[in-house]
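Secondary and tertiary structure notes
Given next are the chains, with one letter for each unit.
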Amino acid sequence: MKTRSLAITAVLLALGYVLHAVMPPLFLGMRPDMMLTMLFLTIIMFPALSNVIVAALATGVITAITTTFPGGQIANLVDKPISALVFLALFLLISRIKLNALTAAILTLVGTIVSGSIFLGTALLVAGLPGTFSALFLTVVLPTAAINCVVMFVIYPVANSVRKRTATQNSKAVAAQNTAKKA
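These notes cover the structure that comes with them. Given the structure is predicted, the values throughout are model-derived calculations rather than measurements. (Residues numbered from 1 in each chain as written. Predicted model: local features only at pLDDT ≥ 70, side-chain atom pairs only at ≥ 80, totals over all residues. Heavy atoms only, no water.)

A contiguous nonpolar patch, built from Ile74, Val78, Ile82, Val86, Leu125 and Val126 and spanning about 500 Å² of accessible area, is present on the exposed surface. Of all the elements in the fold, those that place two or more residues in the nonpolar patch are helix H4 (72-95) and helix H5 (101-126). The greatest single-element share of the nonpolar patch, amounting to 4 residues, is contributed by H4. By the secondary structure assignment, Val86 is in helix H4. (Patch = residues over 30% accessible without salt bridge, like charges linked within 9 Å, V, L, I, M, F, W, Y side chains within 5 Å. Areas by Shrake-Rupley, 256 points an atom, 1.4 Å probe, with all protein chains shown as cover. Salt bridge = Lys/Arg side-chain N within 4 Å of Asp/Glu carboxyl O. Helix = DSSP H or I, 4+ residues; strand = E, 2+ residues; numbered from the N terminus.)

Set out below in structure tokens:
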């Protein structure tokens, strides 16, 4: 894992934490998981397996520490790595065709639904749920998926533009260094 990708991953996850912390609860104390959007954006920007694993584990730990949901600590630690790997697999399949803001948003929608299902299933096994699975899925997971989808649709073009500019600047810097070494 390169230092640059690690640093950008850390910044994105920190932004996700802030978004996660300021979101109000939707239903029975469950709040939308905005960390997922930043995790998925990190995977899109740096799809290397090592980066995905580090980002997923960091996201799982951060959300486990900040959760207010009964059994949410274990559920987050189980959910994030699995969801990240599923998202990576879907991303690698879709990115061969064409990746744009709409496909990134749809991937985020699907990834959030997968994550929410795993989270609720794990929480149900570990501590039980404060409501029914279907009620929590309909009132928390689906609205969170919609919110994350919209956020990704807005933020992906910005992140992609920054990534392209940074890549162009890095390639110019490398070319200048190679020229300087030859001289």
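Turning our eyes to something else, we now look at helix H1 (residues 3-22). Over its 20 residues, H1 runs 29 Å from end to end, which matches the ideal 28 Å to within 8%, given 1.5 Å per residue. Here H1 has its buried residues at Ser5, Thr9, Leu12, Leu13, Gly16 and His20. Buried positions in H1, seen along its axis, are confined to an arc of 100° and lie on one side of it. Among the exposed residues of H1, those oriented more than 90 degrees off its buried face are Thr3, Val11 and Val22. Close packing links the buried residues of H1 with helix H2 (35-45) and helix H3 (49-66). (Expected span 1.5 Å × (residues − 1). Buried < 20%, exposed > 50% of the residue type's maximum accessible area, 1.4 Å probe, protein only. Arc of directions from axis to C-beta. Contact = heavy atoms within 4.5 Å.)

Before going further, it helps to spend a moment on H5. Helix length check: H5 (26 residues) gives 36 Å between terminal C-alpha atoms against 38 Å at 1.5 Å per residue, within 8%. Here H5 starts with a cap whose side-chain oxygen sits 3.0 Å from the backbone nitrogen of Leu102, and that cap is Asn100. Looking one or two residues beyond H5, the residue adopting positive phi is Gly128, at roughly 85°. (Polar contact = N/O pair within 3.5 Å; in protein donor to acceptor, adjacent residues only side chain to side chain.)

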